[in-house]
Amino acid sequence: MKKSIAINEVSILRQSKQAASVKIYNGKSIIIKKLISDGVLVSTPAGSTAYNLSVHGPILNLDSKKISISPISPFRPRRWKGKIVSDKSKIIVKNLNFKKRPISAVADNVEVR
């Protein structure tokens, strides 16, 4: 497990032609059991007007004390729009099929494969 701090956003992206298959937690509670998409974007208010807006995520007020979780090109469930959570949340993204569907994580400009 790697840890990194991001000012704008953390993006989880597919590494192959296969879409990513992930499960997303907020601490121990499940946000979504299975998301098949090109990835997931976890954005701070500072990053919500850039990449997050381009993936149809919400714009967050700078003093909102929230972060947004937005799917990138969701395939299933197609209409899941994401979630807004507290900035104190511990977001965990679990790869459900790491052999067939590898993913990478990018915190601002630091990438982990």
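Refer to the structure above for everything that follows.
The structure presented is a predicted model; accordingly, all values stated were derived computationally and were not measured.

Novice: Explain the pattern of salt bridges to me, using residue names and the numbers behind them.
Specialist: One pass over the full model with this rule turns up two salt bridges. For the salt bridge of Asp38 with Arg14, the shortest nitrogen-to-oxygen distance reads 2.8 Å. With Asp38 in strand S3 (residues 29-43) and Arg14 in strand S1 (residues 9-14), this pair connects stretches of sequence that are 24 residues apart. Asp38 gets classed as partly exposed once you look at its relative accessible area, which sits at 26%. Salt-bridge contacts for Arg113 lead to Glu111; the nearest nitrogen and oxygen are separated by 3.4 Å.

Novice: Before we move on, can you summarise a positive patch on the surface with the specific residues and values?
Specialist: A contiguous patch of positive charge on the surface is contributed by Lys34, Arg76, Arg78, Arg79 and Lys81. Relative to the elements of secondary structure, Lys81 occurs in the loop between strand S4 (66-76) and strand S5 (83-86).

Novice: Can you lay out the pairing of strand S2 (residues 20-26) for me, pointing to particular residues and giving the numbers?
Specialist: Of all seven residues in S2, six are buried, a share of seventy percent or more. Sheet analysis places S2 next to S3, joined by six bridges and oriented antiparallel. By the bridge assignment, Ala20 is partnered in S3 with Ser37. With antiparallel pairing between neighbouring strands as the criterion, S2 and S3 make up a hairpin whose turn holds two residues, including Gly27 at a positive phi of roughly 70°. Pairing geometry for S2 and strand S6 (residues 91-95), over five bridges, is antiparallel. Of the residues in S6, the one forming a bridge with Ile24 is Val93.

Basis of the calculations
- Residues numbered from 1 in each chain as written.
- Predicted model: local features only at pLDDT ≥ 70, side-chain atom pairs only at ≥ 80, totals over all residues.
- Heavy atoms only, no water.
- Salt bridge = Lys/Arg side-chain N within 4 Å of Asp/Glu carboxyl O.
- Helix = DSSP H or I, 4+ residues; strand = E, 2+ residues; numbered from the N terminus.
- Buried < 20%, exposed > 50% of the residue type's maximum accessible area, 1.4 Å probe, protein only.
- Patch = residues over 30% accessible without salt bridge, like charges linked within 9 Å, V, L, I, M, F, W, Y side chains within 5 Å.
- Areas by Shrake-Rupley, 256 points an atom, 1.4 Å probe, with all protein chains shown as cover.
- Lys, Arg positive; Asp, Glu negative; His and termini not counted.
- Charge placed at Lys NZ, Arg CZ, Asp CG, Glu CD.
- Pairing = 2+ DSSP bridges.

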